[in-house]
Amino acid sequence: MSTQVADAKVEKVSEPLFSKKNRKLLVDPLDGNNPVTVQVLGICSALAVTVQMKPALFMALGLTFVTAFSNLFISFIRNTIPSRIRIIVQLAVVSLWVILVDQLLKAYMYDISKQLSVFVGLIITNCIVMGRLEAFAMANKPWPSLLDGLGNGFGYGIILLAVAFFRELLGSGSLYGYKIIGADSLTGLPYQGNGLMMLPAGACIIVGLLIWAQRARNGYAEDH
Amino acid sequence: MGDLISLAIRSIFVDNMIFAYFLGMCSYLAVSKKVTTAVGLGAAVIFVLAITVPLNWAINEYVLKPDALIAGVDLSFLQFIVFISVISGFVQLTEMSVEKFAPALYSALGIFLPLIAVNCSILGAALFMLGKPFGGGLGGFASATVYGLSSGIGWFIAIVLLAAIREKMKYSNVPKPLKGLGITFILVGLMSLGFLSFMGITI
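Bear in mind the structure is a predicted one, so any value in this text is a computation, not a measurement.

**Observations concerning the overall build of chain B**
- Looking only at helices and strands, chain B has 8 helices and 0 strands in total.
- Reading chain B from its N end, one meets helices and strands in the order α-α-α-α-α-α-α-α.
- Computed over its C-alpha atoms, the radius of gyration of chain B comes to 18 Å, within 12% of the 17 Å expected for a compact globule of 203 residues.
- The principal-axis extents of the C-alpha atoms in chain B amount to approximately 65 × 45 × 30 Å.
- The burial tally for chain B puts 50% of its 203 residues in the buried class.
- Restricting the contact set of chain B to residue pairs at least 6 apart, pairs at least 24 apart contribute 76%.
- Approximately 8,800 Å² of chain B is accessible, and the part contributed by carbon and sulfur atoms is 71%.
- Charged side chains in chain B number 11 positive and 8 negative. The centres of these two groups are separated by 21 Å.

The following block contains the structure:
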């Protein structure tokens, strides 16, 4: 409780909408503090919906939408939520946004909704959403919370698209549904699709290698 | 009876929550450093799944399905919010009883016990259940219970196996940036390939 009071006092000083601190909220999760590869959140869907780029893109957009607006909403009501039941309150708010996304997808993009199957519903329990609500929105003002939600959504989206890029290209020789390599494709290069990439195992290995590459670049290492 | 056994074998080995659908990966990766804590979390997941799946099945069957409560009323758009409320309420209850009766387990599991509520495998099982042809009445209830229980057992096996391998990984010479998370992902990928060999088994 005391930290919240302190925060409120500090933030009384008005700051520009895109101050350095706020920009950092938006940019940090893209690489240095990425929700998937660094914070280890939201792995399930990052692995499951990345067979092709199109569903991955819509999943990323849906998650960004839900994270940003749940963050905003929870931040508005953060001082009135009793801390004992906060998880249930957060889940209720998140599921309202998810129901909205799900119904929209069903109404306007039925094939995508079919491809994503249960994973739209599982945005509710996506650790990124809950993690940001707990760690950020409960203690910060609405505008930084919105930016933080957007930033983390984009960070998640980048990883999703990167994994889907490799899986779709190596697995079926296409990108976003367009044949790039292989028989009767745009380039006509000979290529035999690699079945491993279509399997769940392929996703795990790609994510493992991505993490390896990112950490080798940033010079970050775990103890064991 | 044969159907139920076949359903159980399928959900433990073939449609394994981790290796086929990647559900509950966050806590799976975070709590699998030691076998003892992995066993604790795995047991908690089995317990919560075995209770919440049939509970959610009954609510869906008798309240939310089209024409279930009142003819002509379709409440199925409420599925997400009702399922997650049931799960988080039940987890809260479990958390309080574990804190009271097994404080050692409670301190070992730490933050991950309340996070079972947001473990995707729990809500995932409830949502997968909707697509399965369980039918109504007592048979449907039995199928839902078996499905929840055996999904939990599959998750338990997966986390204990991974924890056992990770304990041994300490003695391996892994490239520095690959240590920890990176190599764990590759391990999960290889284990998932191994579990593929169960595919096509029919009993």
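**Side note on empty space enclosed by the protein**
- Inspection of every chain in the model, using the stated rule, returns 1 cavity of 30 Å³ or more.
- In this structure, the largest cavity encloses a volume near 50 Å³.
- Along its surface, the largest cavity is lined by Gly42(A), Cys44(A), Ser45(A), Met59(A), Phe119(A), Leu122(A), Ile123(A), Asn126(A) and Cys120(B).
- For the lining of the largest cavity, the class distribution of residues is 6 nonpolar, 3 polar and no charged.

**Focus on the interface of chain A and chain B**
- Across the boundary between the two partners, chain A contributes 45 residues, which contact 39 residues of chain B.
- Taken over both partners, the interface formed by chain A and chain B buries close to 3,700 Å², and the fraction arising from carbon and sulfur atoms is 81%.
- There are 0 salt bridges connecting chain A and chain B.
- Between the two partners, chain A and chain B, sit 0 residue pairs in polar contact (both at pLDDT 80 or more).
- Sorting elements by how many residues they give to the side of chain A that touches chain B places helix α10 (residues 200-218) of chain A first, with 12 residues.
- Taken together, the residues that form the side of chain A that touches chain B break down as 32 nonpolar, 8 polar and 5 charged.

**Concerning helix α5 (residues 86-108) of chain A**
- Between its terminal C-alpha atoms α5(A) stretches 33 Å, which fits the 33 Å expected from 23 residues at 1.5 Å a residue.
- Its buried side turned inward, α5(A) meets α4 (53-76), α6 (110-116) and α7 (127-135) of chain A together with α4 (79-101) of chain B.

**Regarding the confidence of the model for chain B**
Residue and element names in this part refer to chain B.
- On average, residues of chain B score 85 in pLDDT, and 95% of them reach the 70 mark or higher.
- Highest mean pLDDT in chain B belongs to helix α7 (residues 137-169) (92); lowest belongs to helix α5 (residues 103-109) (74).
- Of the two predicted TM-score estimates for the complex, the pTM is 0.82 and the ipTM is 0.79.

**Some words on helix α6 (residues 120-130) of chain B**
- When you tally the buried positions in α6(B), you get 10 out of 11 residues, the bulk of the element.
- Residues of α6(B) that are buried: Cys120(B), Ser121(B), Ile122(B), Leu123(B), Gly124(B), Ala125(B), Ala126(B), Leu127(B), Phe128(B) and Met129(B).
- Here the buried face of α6(B) lies against α3 (43-48) of chain A together with α3 (35-64), α4 and α7 of chain B.

**Let's talk about the packing of helix α2 (residues 20-27) of chain A against helix α8 (residues 142-172) of chain A**
Residue and element names in this part refer to chain A.
- At a minimum axis separation of 7 Å, α2 and α8 run at an interaxial angle of 30°. Considering the angle they form, α2 stands roughly parallel to α8. For the pair α2 and α8, contact is made by Asn-22, Leu-25 and Leu-26 and by Trp-143, Pro-144, Leu-147, Asp-148, Leu-150 and Gly-151, respectively.
- A class-by-class count of the residues in the contact of α2 with α8 yields 6 nonpolar, 2 polar and 1 charged.

**As for the nonpolar core**
- Grouped together as the largest cluster of nonpolar side chains are 109 residues, with contacts concentrated most on Leu47(A), Met25(B), Tyr28(B), Tyr147(B) and Phe185(B).
- Broken down by element, this core gets its largest block of residues, 9 residues, from α3(B).

**Description of the side chain of Ser88(B)**
- With respect to the helices and strands, Ser88(B) occurs in helix α4.
- With a relative accessible area of 4%, Ser88(B) lands in the buried category.
- Excluding its chain neighbours within four sequence positions, the residues that come into contact with Ser88(B) are Ile88(A), Leu91(A) and Ala117(B).

**Quick word on the pattern of salt bridges**
- This model, assessed by the stated rule, comprises 6 salt bridges over all chains.
- Linking Asp102(A) and Lys106(A) is a salt bridge whose minimum nitrogen-to-oxygen distance equals 3.4 Å. Here Asp102(A) pairs with Lys106(A), and both are found in helix α5, just 4 residues apart, close to one helical turn.
- With its nearest N and O atoms 3.6 Å apart, the salt bridge here joins Asp15(B) to Arg10(B).

**Quick look at unusual backbone geometry**
- Positive phi values are uncommon outside glycine, yet Phe22(B) reaches one of about 60°.
- Look at Phe22(B) and you get buried, because its relative accessible area is 2%.

**Notes on the packing of aromatic side chains**
- For the structure shown, the criterion picks out 13 aromatic pairs over all chains.
- Summarising the aromatic geometry, the rings of Phe165(A) and Phe166(A) are spaced 5.4 Å apart at their centres and angled 80° between planes, so their arrangement reads as edge-to-face.
- With relative accessibility at 32%, the residue Phe165(A) sits in the partly exposed group.
- According to the relative accessible area criterion, Phe166(A) is partly exposed, its value standing at 36%.
- Arranged with centres 4.5 Å apart and planes meeting at 40°, the rings of Tyr21(B) and Phe128(B) form a pair that is tilted. Placement of Tyr21(B) in the loop between α1 (2-14) and α2 (25-30) and of Phe128(B) in helix α6 is noted, with a sequence separation of 107 residues between them.

**Some points on the packing of α8(A) against α10(A)**
Residue and element names in this part refer to chain A.
- Packing of α8 against α10 brings their axes to within 10 Å, and their N-to-C directions diverge by 125°. Compared by their axis directions, α8 and α10 come out oblique. The interaxial crossing formed by α8 with α10 has right-handed handedness. Every residue of α10 that contacts α8 at Ala-162, Val-163, Phe-166 and Arg-167 is listed here: Pro-200, Ala-203, Ile-206, Val-207 and Leu-210.
- Residue composition of the contact of α8 with α10, grouped by class: 8 nonpolar, no polar and 1 charged.

Definitions and limits used
Residue positions are given per chain, counted from 1 along the sequence in the order it is written. Numbering of ligands from 1 and lettering of chains from A proceed in the order in which they are written. In keeping with the model being predicted, local features are shown solely for residues with a pLDDT of at least 70 and side-chain atom pairs are shown and tallied solely at 80 or more, while totals for entire chains, interfaces and linings include all residues. Processing note: side-chain calculations cover all non-hydrogen atoms of the structure and skip hydrogens and water entirely. Secondary structure elements follow DSSP: runs of H or I no shorter than four residues count as helices, runs of E no shorter than two count as strands, and numbering proceeds from the N terminus. In this description the radius of gyration comes from C-alpha coordinates, and the expected globular size is given by 2.2 Å times residues to the power 0.38. For the exposure calls, accessible area comes from a 1.4 Å probe over protein chains only, and a residue counts as buried if that area is under 20% of its type's maximum, exposed if over 50%, partly exposed in between. Note on contacts: a residue pair qualifies if any of its non-hydrogen atoms lie within 4.5 Å across the two residues. Reported accessibility uses the Shrake-Rupley method at a 1.4 Å probe radius. Residues are deemed covered only where the shown protein chains occlude them. Only four residue types enter the charge count: Lys and Arg as positive, Asp and Glu as negative, with His and the chain ends excluded. Positions of charges follow a simple convention, taking NZ of Lys, CZ of Arg, CG of Asp or CD of Glu. Cavity: a set of points on a 1 Å grid over the protein atoms alone where a 1.4 Å probe fits but cannot get out. Pocket: an open set with protein on both sides within 12 Å along at least five of seven lines, its lining residues, like those of a cavity, having an atom within 4 Å of a point. Grid points are joined across faces, edges and corners, and a volume is the space filled by probe spheres set on the points. When residue character is reported, Ala, Val, Leu, Ile, Met, Phe, Trp, Tyr, Cys and Pro are called nonpolar, Asp, Glu, Lys and Arg charged, and the others, Gly included, polar. Defined here as a combined quantity, buried area equals the accessible surface (1.4 Å probe) lost by two parts on assembly, summed across both. Every case where a carboxyl oxygen of Asp or Glu lies within 4 Å of a side-chain nitrogen of Lys or Arg is listed as a salt bridge. Counted as a polar contact is a pair of N or O atoms within 3.5 Å, where, for protein atoms, one must be capable of donating a hydrogen and the other of accepting one, and residues adjacent in sequence contribute only when both atoms are in side chains. Working rule for helices: expected span equals 1.5 Å times residues minus one. pLDDT measures the predictor's confidence residue by residue and takes values from 0 up to 100. Under this scheme, a helix contributes an axis fitted over its contacting stretch, all axes are lines through C-alpha atoms, and angles between N-to-C directions fall in the 0 to 180 degree range. Orientation is classified from the angle alone, with under 35 degrees giving roughly parallel, over 145 giving roughly antiparallel, 65 to 115 giving roughly perpendicular, and any other angle giving oblique. Nonpolar cores are built from buried Ala, Val, Leu, Ile, Met, Phe, Trp, Tyr and Cys residues. Side-chain atoms within 4.5 Å join them into one set. Here a pair means two rings of Phe, Tyr or Trp (six-membered ring of Trp) with centres within 6.5 Å. Their orientation is stacked below 30 degrees between planes, edge-to-face above 60, and tilted elsewhere. Here a crossing is called left-handed whenever its near helix is offset anticlockwise from the far helix by less than a right angle, and right-handed whenever the offset is clockwise.

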